[in-house]
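Here is how the chains run, residue by residue.
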Amino acid sequence: MRVQGVELESVGCYLCHHGDADVWAEESGYRAMRCRSCGLLYVDPRPTAAARSEAVRTGTHLTATGDLDVTGRFSPLRVLRMSVLMRRLVPHRVRSGKPVRWLDIGCGHGELLVALQRLVPSGSTLVGVEPNDHKARSARARGLHVVSSLDDVTSTFDVVSMMNVYGHLPDPVSTIADWSRLLDRPDGELVIETGNGAELSTREGYPGSLDLPDHLSFIGERHLRLVCALVGLEVRAVKRTRPDGLVGTGHALLRSAASRRWVVGRPYRSQFRDMFAVAGWSRDERNRES
């Protein structure tokens, strides 16, 4: 299948820049390639920057099998999940009793921000960035402070989070380097939610749809640690959860029904895991700024 009406560009591995790769999966007219050198999975060819920008704004990607709508809707269950995870990942931020300045990049419908409103002390500053028009309106309708672009963010923060954002970035190394400048020194922290797709030997191990080309790359924990190291950060904690339990499988069924794209794996079979990581400035970076 070929994607009609989308301008494409050819790319290589953004991590090791190795030129050779093998097809790992094909979906909706796009290919996920595995780098022969570092094992990174990346979409090649992929939509150009202009095509991606419009798709991010509208939440709709053109594929060979029709439009892929990734806008979704507000999820109270995700609010609950974020509440539990933040207590485990960054207890020193949510239990200290001190106000926190937190920036959530790609905040979606605002589930994490809603969870944080219930966790952090009054006087905290909670800001979201969301380029998708519908998601941003949805979040603002809940009284959340959400801007459409990082150009509207001028201060630094104790915590910067990017939940299910990494896989959408065309060049994560340079992007995370830019975003890390928004972290306070020396104690600012980056909170990341992503998956371990590159640790799977075959496509069959991945639960559900790959959502190409909304997702542009898939990594493993060693890739995440390397990317952070390249920008002066060190990963201090990683927690993994399985999305193919009964609850996760139920959610996948609901999403498939809504999108009419029936790609749902069997429960408790996949080696895929959601990864939640906390990274802070490396010792060299802290010393450099002191």
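This write-up is about the structure you can find in this document. (Residues numbered from 1 in each chain as written. Predicted model: local features only at pLDDT ≥ 70, side-chain atom pairs only at ≥ 80, totals over all residues. Heavy atoms only, no water.)

## Description of the environment of isoleucine 176
Stage number 1. Of note, isoleucine 176 is situated in helix H6 (residues 172-180).
Stage number 2. Assessed through its relative accessible area of 1%, isoleucine 176 is described here as buried.
Stage number 3. On a C-alpha basis, the gap between isoleucine 176 and cysteine 228 in space is 7.9 Å, while along the polypeptide they are 52 residues apart. (Helix = DSSP H or I, 4+ residues; strand = E, 2+ residues; numbered from the N terminus. Buried < 20%, exposed > 50% of the residue type's maximum accessible area, 1.4 Å probe, protein only.)

## Brief notes about helix H5 (residues 133-140)
Every α-helical turn comprises 3.6 residues, leaving residues that sit three or four positions apart pointing alike.
Stage number 1. For H5, the full list of buried residues reads Lys135, Ala136, Ser138 and Ala139. Projected down its long axis, H5 shows its buried positions confined to an angular sector of 160 degrees, all on one face.
Stage number 2. Residues of H5 that are buried sit in contact with strand S10 (146-147).
Stage number 3. Near the N-terminus of H5, the side chain that reaches the backbone nitrogen of histidine 134, with its oxygen 3.0 Å away, is that of asparagine 132. (Arc of directions from axis to C-beta. Contact = heavy atoms within 4.5 Å. Polar contact = N/O pair within 3.5 Å; in protein donor to acceptor, adjacent residues only side chain to side chain.)

## Section: the packing of helix H2 (residues 76-89) against helix H4 (residues 111-119)
Stage number 1. At a minimum axis distance of 8 Å, the contact between H2 and H4 shows a crossing angle of 55 degrees. Viewed along their axes, H2 and H4 adopt a mutual orientation that is oblique. Where H2 crosses over H4, the handedness of that crossing is right-handed. Facing Arg78, Val79, Met82, Ser83, Met86 and Arg87 of H2, the residues of H4 in contact are Glu111, Leu112, Val114, Ala115, Leu116, Arg118 and Leu119.
Stage number 2. Broken down by class, the residue content of the contact of H2 with H4 amounts to 8 nonpolar, 1 polar and 4 charged. (Axes fitted to C-alpha atoms, helices over the stretch in contact; angles between N-to-C directions. Parallel < 35°, antiparallel > 145°, perpendicular 65-115°, else oblique. Left-handed = near helix turned anticlockwise from the far one by under 90°. Nonpolar A, V, L, I, M, F, W, Y, C, P; charged D, E, K, R; others polar.)

## Comments concerning the packing of aromatic side chains
Stage number 1. Going through the model one piece at a time under the given rule, you end up with 2 aromatic pairs.
Stage number 2. Members of the aromatic cluster, connected to one another through ring pairs, are Tyr206, Phe218 and Phe272.
Stage number 3. Over the ring of phenylalanine 74 we find arginine 142; its NZ or CZ atom is 3.7 Å from the centre of that ring.
Stage number 4. Positioned over the ring face of tryptophan 281 is arginine 185, at 3.6 Å from the centre of the ring. (Phe/Tyr/Trp six-rings, centres within 6.5 Å; stacked < 30°, edge-to-face > 60°. Lys NZ or Arg CZ within 6 Å of the ring centre and 35° of its normal.)

## Re the sheet that holds strand S13 (residues 217-218)
Stage number 1. The strand order across the open sheet built from 4 strands is S2-S3-S4-S13, with neighbouring strands paired in antiparallel fashion. In this open sheet, the two edge strands, each paired with only one partner strand, are strand S2 (21-27) and S13.
Stage number 2. Inspection of the sheet shows S2 paired to strand S3 (residues 30-35) by 6 bridges, in the antiparallel sense. What sits directly across from glutamate 27, in S3, is tyrosine 30. (Pairing = 2+ DSSP bridges.)

## Quick look at the environment of histidine 145
Stage number 1. Of note, histidine 145 is situated in the loop between H5 and S10.
Stage number 2. On the basis of relative accessibility, which here comes to 47%, the residue histidine 145 falls in the partly exposed class.
Stage number 3. Beyond its immediate stretch of four places on either side in the chain, histidine 145 contacts Leu126, Val127 and Gly128.

## Focus on a nonpolar patch on the surface
Stage number 1. On the surface, a cluster of nonpolar side chains totalling about 260 Å² of accessible area is made up of Leu77, Leu80 and Val84.
Stage number 2. Tracing the chain through its elements places valine 84 in helix H2.
Stage number 3. With relative accessibility at 33%, the residue valine 84 sits in the partly exposed group. (Patch = residues over 30% accessible without salt bridge, like charges linked within 9 Å, V, L, I, M, F, W, Y side chains within 5 Å. Areas by Shrake-Rupley, 256 points an atom, 1.4 Å probe, with all protein chains shown as cover. Salt bridge = Lys/Arg side-chain N within 4 Å of Asp/Glu carboxyl O.)

## What about the nonpolar core?
Proteins that are soluble and globular tend to have nonpolar side chains buried together.
Stage number 1. Counting 37 residues, the largest nonpolar core has Leu40, Leu103, Met162, Leu190 and Leu233 as its most contacted members.
Stage number 2. Formed by 28 residues, the second largest nonpolar core is a distinct cluster that contains Val100, Leu116, Leu126 and Ala139. (Core = buried A, V, L, I, M, F, W, Y, C linked by side-chain atoms within 4.5 Å.)

## Quick look at the pattern of salt bridges
Stage number 1. The full count for this structure, using the stated rule, is 19 salt bridges.
Stage number 2. A salt bridge links arginine 93 to glutamate 189, with the shortest nitrogen-to-oxygen separation between them at 2.9 Å. In this pair, arginine 93 sits in helix H3 (residues 91-94) while glutamate 189 sits in strand S12 (residues 189-195), placing the two residues 96 residues apart along the sequence.
Stage number 3. Salt-bridge contacts for arginine 101 lead to aspartate 184; the nearest nitrogen and oxygen are separated by 2.2 Å. Residue arginine 101 is located in strand S8 (residues 101-105), and its partner aspartate 184 is located in the loop between H6 and S12; the two are separated by 83 residues in the primary sequence.
Stage number 4. Taken together, the shared-partner salt bridges connect Arg78, Arg81, Glu193 and Asp274 into one network.

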